[in-house]
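Remarks on the overall topology
These are the residues of each chain, in order.
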Amino acid sequence: MIKEIRDTPRALIKVLEIEGFLRKAAEELFTAGVKKLFLTGCGSSYYAALAATKASASNFSLQALPSSEFLFYQSEIDHKETAVVGISRSGRTAETLAALREGKGRGITTVAITCSEDSPMKSEADIGIFLDVGEEKSIIMTKTFSSLSLASTLLCDEFSKESGEGSKKKLVPTGLPEAATEVLKLEEVIVRIAEDVYSKDFFFVLGQGCTYPVALEGALKLMETCNLRTNALHALEFRHGPMAAVDDTVGIIVVAIEDGSSRAVARLIEDVKREGFKPLVISNTLENGYTLRLPIRLDPKLSTPIAILPIQLLAFYISVKRGLNPDSPRRLHKFVGGF
Ligand code: F1P
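Here we summarise the structure given alongside this text. (Residues numbered from 1 in each chain as written. Predicted model: local features only at pLDDT ≥ 70, side-chain atom pairs only at ≥ 80, totals over all residues. Heavy atoms only, no water.)

A tally of regular secondary structure across the chain gives 14 helices and 10 strands. Since a compact globule built from 339 residues should have a radius of gyration of about 20 Å, the 19 Å found for the chain is in line with a globular shape. Along the first, second and third principal axes, the C-alpha set of the chain runs to 55 × 40 × 35 Å. Within the chain, contacts between residues at least 6 apart in sequence are counted, and of these 76% link residues at least 24 apart. In the structure as shown, the chain presents an accessible area of about 14200 Å², 50% of it carried by carbon and sulfur atoms. Placing the 41 positive and 43 negative side-chain charges of the chain at their respective mean positions leaves the two points 2 Å apart. (Helix = DSSP H or I, 4+ residues; strand = E, 2+ residues; numbered from the N terminus. Rg over C-alpha atoms; globule rule 2.2 N^0.38 Å. Contact = heavy atoms within 4.5 Å. Areas by Shrake-Rupley, 256 points an atom, 1.4 Å probe, with all protein chains shown as cover. Lys, Arg positive; Asp, Glu negative; His and termini not counted. Charge placed at Lys NZ, Arg CZ, Asp CG, Glu CD.)

A word on the packing of helix H4 (residues 44-54) against helix H8 (residues 143-162). Interaxial distance between H4 and H8 falls to 8 Å at its minimum, and their mutual angle equals 35 degrees. Of the two possible hands of crossing, H4 and H8 adopt the one that is right-handed. Note on element contacts: H8 touches H4 through Phe 145, Leu 148, Ser 149, Ser 152, Thr 153 and Cys 156, opposite Ser 44, Ser 45, Tyr 47, Ala 48, Ala 51 and Ala 52. Here the residues of the contact of H4 with H8 sort into seven nonpolar, five polar and no charged. (Axes fitted to C-alpha atoms, helices over the stretch in contact; angles between N-to-C directions. Left-handed = near helix turned anticlockwise from the far one by under 90°. Nonpolar A, V, L, I, M, F, W, Y, C, P; charged D, E, K, R; others polar.)

Glancing now at the pairing of strand S6 (residues 202-207). Summarising burial for S6: five of the six residues are buried, a large majority. As for the winding sense of the linkage, the β-α-β connection from S6 through helix H11 (residues 212-226) to strand S7 (residues 229-234) is right-handed. (Buried < 20%, exposed > 50% of the residue type's maximum accessible area, 1.4 Å probe, protein only. Right-handed = clockwise from strand over helix to strand, strands pointing away.)

Another aspect to go through is the side chain of Ser 262. With respect to the element layout, Ser 262 can be found in helix H12 (residues 262-274). Reaching out from Ser 262, the side chain makes a polar contact with the side chain of Glu 258 at a distance of 3.2 Å. Dropping the residues within four chain positions of it, Ser 262 is found in contact with Ile 257 and Leu 286. (Polar contact = N/O pair within 3.5 Å; in protein donor to acceptor, adjacent residues only side chain to side chain.)

Here we take up the sheet that holds strand S5 (residues 127-130). Strands sit in the order S2-S1-S3-S4-S5 across an open sheet of five strands; the sheet is parallel. Here the strands that pair on one side only, and so sit at the sheet edges, are strand S2 (62-66) and S5. For this sheet the average axis-to-axis angle between neighbouring strands, irrespective of direction, equals 20 degrees. Direction of pairing for strand S4 (residues 109-114) relative to S5: parallel, over a ladder of four bridges. (Pairing = 2+ DSSP bridges.)

Below, the discussion takes up H4. Counting buried positions over the 11 residues of H4 gives 10, a clear majority of the element. Here H4 has its buried residues at Ser 44, Ser 45, Tyr 46, Tyr 47, Ala 48, Ala 49, Leu 50, Ala 51, Ala 52 and Thr 53. Elements in contact with the buried residues of H4: strand S1 (36-41), S2, strand S3 (82-88), H8, H11 and helix H13 (304-307).

Geometric values such as these leave the question of function open.
Put into structure tokens, the structure is as follows:
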């Protein structure tokens, strides 16, 4: 896991090498009459899908759903004007594979974005997109999560531009591998934070807007690698009840990239501190409690692969401190089959 987290900059470079191909695929879908993309996946791959839809200002043409939700509850959609995009590291996860097969059976255009070249998802989909980011040996998804989220974001960015939705300006992902390299330099500081917080029983992970999927994925990483209970929330939702559940056994992580919500999130952090707690703030502008600084110029819409790195590292080091093996979480396999 640790080697794979450190390999993220190289993986992002590999995704950027196919940016043109991803944008062309989106253009072709639109030209073929597709008006709406359903992005589906399970676990980390679902959160990558969610991150991609957040990257578009307007969400009429993009919707993220867990594969099972698409499979069981989307029979009413317009089949001719819809495409389903299955996102999966393995290309073999049961619900995602079934969602694509079911979609294809109903005449829906299917797209697979996967890190496994010889997977059934890649060969069966109308458009199979392979991310050549190198094998991920750990059960835990790290560099593949970042790669899948970046690739899906670029596909969605182009598709929403074709649909005439949101801003006309295309996202410019150059500089992301360097940003990842910069954030990875926080590793030593994170080792020390892990030593401080490893015995917590519970973590709230808060994110707003584009950082909400990061909060969900960060909470999942802590569950998978540390057997910790967690709750991911939209940051300001924390004020509407959950704050009552905080005591010294509870850790709070806030992920905040400068955007319209920053002042409100800064005030929330102040409130948490006033109650006597020390949140871990992962941000490019906000400071407080323990702060892990992200690159100042980070575009919120492209921030997922960068903002997740500190939580991945934290999960790794907390897991090791708790005497666990982060690469082999209990009751989890590389992919989940059958249902
Ligand atoms: C998705 C997933 C991961 C999880 C574990 C099992 O797999 O559920 O989110 O961490 O690795 O598989 P995939 O569809 O992306 O291969």
